[in-house]
Amino acid sequence: IWIGGLGAAFFDGSDWQVFMPVDGLAGSVVQALAIDSQLRAWIGTKTGLSIWNGDIFFNLTQENGLPSDNITALLADGDAMWIGTNGGGLYYFARNQLQIFSDENADLPSNTITALGRDSGGTLLVGTAEGLVRFNDGVAEPVDAVPALPITAITAAGQLVWVGVDGAGVHHFDGTRWADLGDDGPLPSLQIGAILADDYDTIWVGGQRGGISRLAAE
(Lines give C-alpha, C1' and ligand atoms only; values in the text may rest on other atoms or scores of the structure.)
Protein backbone atom coordinates (compact mmCIF):
# COMPACT_ATOMS: atom_id res chain seq x y z
CA ILE A 1 0.00 0.00 0.00
CA TRP A 2 1.23 3.47 -0.92
CA ILE A 3 -0.05 6.54 0.92
CA GLY A 4 0.69 10.14 0.00
CA GLY A 5 0.41 13.27 2.09
CA LEU A 6 3.32 14.98 3.73
CA GLY A 7 5.81 12.69 2.05
CA ALA A 8 5.05 9.16 0.80
CA ALA A 9 4.74 5.97 2.81
CA PHE A 10 4.85 2.33 1.70
CA PHE A 11 3.50 -0.65 3.67
CA ASP A 12 4.75 -4.08 2.57
CA GLY A 13 2.42 -6.10 4.81
CA SER A 14 4.58 -5.93 7.90
CA ASP A 15 6.63 -2.73 7.91
CA TRP A 16 6.26 0.90 6.89
CA GLN A 17 8.85 2.81 4.90
CA VAL A 18 8.55 6.61 4.75
CA PHE A 19 10.09 8.78 2.02
CA MET A 20 10.77 12.50 2.23
CA PRO A 21 12.90 14.87 0.11
CA VAL A 22 15.94 13.93 2.18
CA ASP A 23 15.44 10.37 0.85
CA GLY A 24 15.26 11.56 -2.76
CA LEU A 25 11.55 12.36 -3.15
CA ALA A 26 10.99 15.30 -5.51
CA GLY A 27 8.83 17.22 -3.05
CA SER A 28 7.33 17.04 0.41
CA VAL A 29 3.65 17.41 -0.58
CA VAL A 30 2.34 14.34 -2.45
CA GLN A 31 -0.75 14.93 -4.63
CA ALA A 32 -0.95 11.80 -6.80
CA LEU A 33 0.20 8.15 -6.85
CA ALA A 34 0.12 5.41 -9.48
CA ILE A 35 1.78 2.02 -10.06
CA ASP A 36 2.79 1.02 -13.59
CA SER A 37 3.03 -2.47 -15.12
CA GLN A 38 6.65 -2.78 -13.96
CA LEU A 39 5.47 -2.15 -10.38
CA ARG A 40 7.27 1.17 -10.27
CA ALA A 41 5.64 3.78 -8.04
CA TRP A 42 5.04 7.17 -9.65
CA ILE A 43 4.67 9.89 -7.04
CA GLY A 44 3.41 13.33 -8.05
CA THR A 45 4.32 16.24 -5.80
CA LYS A 46 3.92 20.01 -5.94
CA THR A 47 7.54 20.31 -7.08
CA GLY A 48 8.15 17.34 -9.33
CA LEU A 49 7.48 13.73 -10.28
CA SER A 50 9.35 10.88 -8.62
CA ILE A 51 9.61 7.33 -10.01
CA TRP A 52 10.57 4.69 -7.42
CA ASN A 53 11.95 1.43 -8.82
CA GLY A 54 12.30 -0.28 -5.45
CA ASP A 55 15.83 0.98 -4.83
CA ILE A 56 16.18 4.61 -5.92
CA PHE A 57 14.16 7.59 -7.10
CA PHE A 58 14.34 9.01 -10.61
CA ASN A 59 12.97 12.55 -10.55
CA LEU A 60 11.44 14.70 -13.29
CA THR A 61 11.31 18.41 -12.51
CA GLN A 62 11.50 21.72 -14.33
CA GLU A 63 15.25 21.58 -13.88
CA ASN A 64 15.52 18.52 -16.14
CA GLY A 65 12.86 19.40 -18.70
CA LEU A 66 9.40 19.00 -17.19
CA PRO A 67 7.40 22.08 -18.32
CA SER A 68 5.33 22.12 -15.13
CA ASP A 69 6.31 20.13 -12.05
CA ASN A 70 3.16 20.69 -10.00
CA ILE A 71 1.73 17.18 -10.49
CA THR A 72 -1.97 16.78 -9.70
CA ALA A 73 -3.07 13.46 -11.29
CA LEU A 74 -1.53 10.21 -12.55
CA LEU A 75 -2.89 7.26 -14.53
CA ALA A 76 -0.81 4.25 -15.56
CA ASP A 77 -0.91 3.03 -19.17
CA GLY A 78 1.16 -0.15 -19.08
CA ASP A 79 4.69 0.98 -18.35
CA ALA A 80 3.85 4.50 -19.55
CA MET A 81 2.06 7.22 -17.59
CA TRP A 82 -0.52 9.94 -18.12
CA ILE A 83 0.41 12.96 -16.02
CA GLY A 84 -1.87 15.83 -15.05
CA THR A 85 -0.45 19.14 -13.93
CA ASN A 86 -1.62 22.36 -12.32
CA GLY A 87 -1.49 24.83 -15.19
CA GLY A 88 0.85 22.93 -17.49
CA GLY A 89 -1.64 20.69 -19.25
CA LEU A 90 -1.62 16.92 -19.75
CA TYR A 91 1.54 14.89 -20.37
CA TYR A 92 2.17 11.38 -21.67
CA PHE A 93 5.51 9.87 -20.68
CA ALA A 94 6.58 6.72 -22.53
CA ARG A 95 9.98 5.30 -23.54
CA ASN A 96 11.68 8.36 -22.01
CA GLN A 97 9.71 10.67 -24.32
CA LEU A 98 7.29 13.33 -23.12
CA GLN A 99 4.25 14.45 -25.10
CA ILE A 100 2.47 17.62 -24.02
CA PHE A 101 -1.23 18.34 -24.58
CA SER A 102 -2.81 21.69 -23.77
CA ASP A 103 -5.67 24.04 -24.58
CA GLU A 104 -3.70 25.14 -27.64
CA ASN A 105 -2.87 21.83 -29.32
CA ALA A 106 -5.54 19.47 -27.94
CA ASP A 107 -8.59 21.65 -27.17
CA LEU A 108 -8.43 21.02 -23.44
CA PRO A 109 -10.86 23.36 -21.64
CA SER A 110 -8.19 24.09 -19.04
CA ASN A 111 -4.50 23.39 -18.57
CA THR A 112 -5.18 22.48 -14.94
CA ILE A 113 -5.79 18.72 -14.83
CA THR A 114 -7.58 17.58 -11.69
CA ALA A 115 -8.40 13.87 -12.26
CA LEU A 116 -7.74 11.03 -14.72
CA GLY A 117 -9.59 7.78 -15.47
CA ARG A 118 -10.79 5.41 -18.19
CA ASP A 119 -14.21 4.21 -19.24
CA SER A 120 -15.03 0.58 -20.04
CA GLY A 121 -14.06 1.09 -23.68
CA GLY A 122 -10.61 2.31 -22.76
CA THR A 123 -11.21 5.98 -23.58
CA LEU A 124 -9.19 8.34 -21.43
CA LEU A 125 -11.33 10.60 -19.25
CA VAL A 126 -9.67 13.84 -18.24
CA GLY A 127 -11.00 15.98 -15.44
CA THR A 128 -9.99 19.62 -15.61
CA ALA A 129 -10.65 22.81 -13.68
CA GLU A 130 -13.35 23.56 -16.25
CA GLY A 131 -15.12 20.24 -16.74
CA LEU A 132 -14.73 16.70 -18.05
CA VAL A 133 -13.50 15.61 -21.49
CA ARG A 134 -13.02 12.38 -23.40
CA PHE A 135 -9.54 12.27 -24.86
CA ASN A 136 -8.96 10.39 -28.11
CA ASP A 137 -6.06 10.63 -30.57
CA GLY A 138 -4.72 13.75 -28.90
CA VAL A 139 -7.99 15.69 -29.04
CA ALA A 140 -10.33 16.54 -26.17
CA GLU A 141 -14.11 16.23 -26.57
CA PRO A 142 -16.13 17.95 -23.83
CA VAL A 143 -18.69 15.92 -21.89
CA ASP A 144 -21.44 18.53 -21.90
CA ALA A 145 -23.69 16.57 -19.53
CA VAL A 146 -21.20 17.23 -16.71
CA PRO A 147 -20.98 20.82 -15.40
CA ALA A 148 -17.96 22.85 -16.50
CA LEU A 149 -16.62 22.92 -12.94
CA PRO A 150 -13.50 21.40 -11.37
CA ILE A 151 -13.59 17.60 -11.53
CA THR A 152 -12.43 16.09 -8.24
CA ALA A 153 -12.58 12.33 -8.90
CA ILE A 154 -13.17 9.77 -11.68
CA THR A 155 -13.72 6.04 -11.33
CA ALA A 156 -15.19 3.28 -13.50
CA ALA A 157 -16.99 0.08 -12.52
CA GLY A 158 -17.82 -2.15 -15.48
CA GLN A 159 -19.91 -0.09 -17.89
CA LEU A 160 -20.43 2.62 -15.29
CA VAL A 161 -18.50 5.84 -14.76
CA TRP A 162 -18.70 8.00 -11.64
CA VAL A 163 -17.41 11.57 -11.62
CA GLY A 164 -17.08 13.92 -8.68
CA VAL A 165 -17.74 17.58 -9.47
CA ASP A 166 -16.68 20.35 -7.12
CA GLY A 167 -19.84 21.72 -5.51
CA ALA A 168 -22.14 19.65 -7.72
CA GLY A 169 -21.95 16.18 -6.20
CA VAL A 170 -21.55 13.05 -8.33
CA HIS A 171 -22.44 12.56 -11.99
CA HIS A 172 -22.99 9.00 -13.16
CA PHE A 173 -22.84 7.45 -16.65
CA ASP A 174 -24.64 4.10 -17.11
CA GLY A 175 -23.37 3.42 -20.62
CA THR A 176 -26.23 5.32 -22.25
CA ARG A 177 -26.87 8.54 -20.40
CA TRP A 178 -25.58 10.75 -17.60
CA ALA A 179 -27.47 11.28 -14.34
CA ASP A 180 -26.84 13.80 -11.57
CA LEU A 181 -27.05 12.45 -8.03
CA GLY A 182 -26.82 16.03 -6.75
CA ASP A 183 -28.86 17.11 -3.75
CA ASP A 184 -31.25 14.17 -4.08
CA GLY A 185 -28.59 11.46 -3.90
CA PRO A 186 -27.23 9.77 -0.77
CA LEU A 187 -24.04 11.81 -0.79
CA PRO A 188 -21.97 12.88 2.21
CA SER A 189 -21.47 16.32 0.67
CA LEU A 190 -21.65 18.14 -2.65
CA GLN A 191 -17.92 18.66 -2.22
CA ILE A 192 -16.55 15.27 -3.34
CA GLY A 193 -12.97 14.39 -2.46
CA ALA A 194 -12.68 10.78 -3.68
CA ILE A 195 -14.59 7.94 -5.37
CA LEU A 196 -13.59 4.27 -5.23
CA ALA A 197 -15.11 1.16 -6.85
CA ASP A 198 -14.43 -2.02 -4.84
CA ASP A 199 -14.61 -5.68 -5.91
CA TYR A 200 -18.16 -6.12 -4.63
CA ASP A 201 -20.05 -3.77 -6.99
CA THR A 202 -20.00 -1.03 -4.41
CA ILE A 203 -19.02 2.62 -4.89
CA TRP A 204 -17.52 4.51 -1.97
CA VAL A 205 -17.85 8.30 -2.09
CA GLY A 206 -15.82 10.49 0.23
CA GLY A 207 -16.95 14.03 0.91
CA GLN A 208 -14.55 16.83 1.69
CA ARG A 209 -16.97 17.38 4.54
CA GLY A 210 -19.67 15.00 5.78
CA GLY A 211 -18.01 11.59 5.79
CA ILE A 212 -18.40 8.63 3.41
CA SER A 213 -21.35 7.17 1.48
CA ARG A 214 -21.69 3.65 0.06
CA LEU A 215 -23.59 3.28 -3.19
CA ALA A 216 -24.55 0.22 -5.23
CA ALA A 217 -22.88 0.18 -8.65
CA GLU A 218 -26.07 -0.28 -10.67
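Everything discussed here concerns the structure shown above.
Report on the accompanying structure. All of these numbers come straight from a predicted model, not from anything done at the bench.

Quick notes on the rules
Residues numbered from 1 in each chain as written. Predicted model: local features only at pLDDT ≥ 70, side-chain atom pairs only at ≥ 80, totals over all residues. Heavy atoms only, no water. Helix = DSSP H or I, 4+ residues; strand = E, 2+ residues; numbered from the N terminus. Phe/Tyr/Trp six-rings, centres within 6.5 Å; stacked < 30°, edge-to-face > 60°. Lys NZ or Arg CZ within 6 Å of the ring centre and 35° of its normal. Pairing = 2+ DSSP bridges. Axes fitted to C-alpha atoms, helices over the stretch in contact; angles between N-to-C directions. Salt bridge = Lys/Arg side-chain N within 4 Å of Asp/Glu carboxyl O. Buried < 20%, exposed > 50% of the residue type's maximum accessible area, 1.4 Å probe, protein only.

A few points about unusual backbone geometry
At L39, a position not held by glycine, the phi torsion is positive, near 65°. By the element assignment, L39 lies in the loop between β4 (30-35) and β5 (41-45). Unusually for a residue other than glycine, N96 sits at a positive phi of about 60°.

A look at the packing of aromatic side chains
If you walk through the whole model with that rule in mind, you get 12 aromatic pairs. Measuring from centroid to centroid gives 4.9 Å for F11 and W16, while their planes differ by 35°, and the two rings are tilted. In this structure an aromatic cluster arises from ring pairing among W2, F10, F19, W52 and F57. Directly above the aromatic system of F173 lies the positively charged group of R134, at a separation of 5.7 Å from the ring centroid.

Regarding the pairing of strand β12 (residues 113-118)
In terms of strand pairing, β12 meets strand β13 (residues 124-128) through five bridges, oriented antiparallel. What sits directly across from G117, in β13, is L125. Between the antiparallel neighbours β12 and β13 lie five residues, among them G122 with a positive phi of about 90°.

Comments concerning the sheet that holds strand β2 (residues 7-11)
Neighbouring strands of a sheet are bound in pairs by backbone hydrogen bonds; such pairs are parallel or else antiparallel. Spatial ordering of the open sheet is given by β1-β2-β3, a layout of three strands whose pairing is antiparallel. Unpaired on one side and paired on the other, β1 (2-5) and β3 (16-19) mark the two borders of the sheet. Strand after strand, the sheet turns through a mean of 20° between neighbouring axes, direction not considered. Here β1 runs beside β2; their pairing, made up of four bridges, is antiparallel. Along β2, the bridge assignment pairs W2 with F10.

A short note on the sheet that holds strand β8 (residues 71-77)
Reading across from one edge, β8-β9-β10-β11 is the order of the four strands in this open sheet, with antiparallel pairing throughout. The sheet is open, and its two edges are formed by β8 and β11 (97-101), each paired on a single side. Put simply, the sheet's adjacent strands are angled 20° from each other on average, direction ignored.

Concerning the pattern of salt bridges
Following the criterion strictly, the structure yields two salt bridges and no others. Close ionic contact of R40 with D36 constitutes a salt bridge, the shortest N to O distance being 2.6 Å. Using a relative accessible area of 4% as the deciding quantity, one classes D36 as buried. Note that R118 and D77 form a salt bridge whose closest N and O atoms lie 3.6 Å from each other. Within this pair, whereas R118 is found in strand β12, its partner D77 is found in strand β8, the two being separated by 41 residues in sequence. Looking at R118, the relative accessible area reads 29%, which means it is partly exposed.

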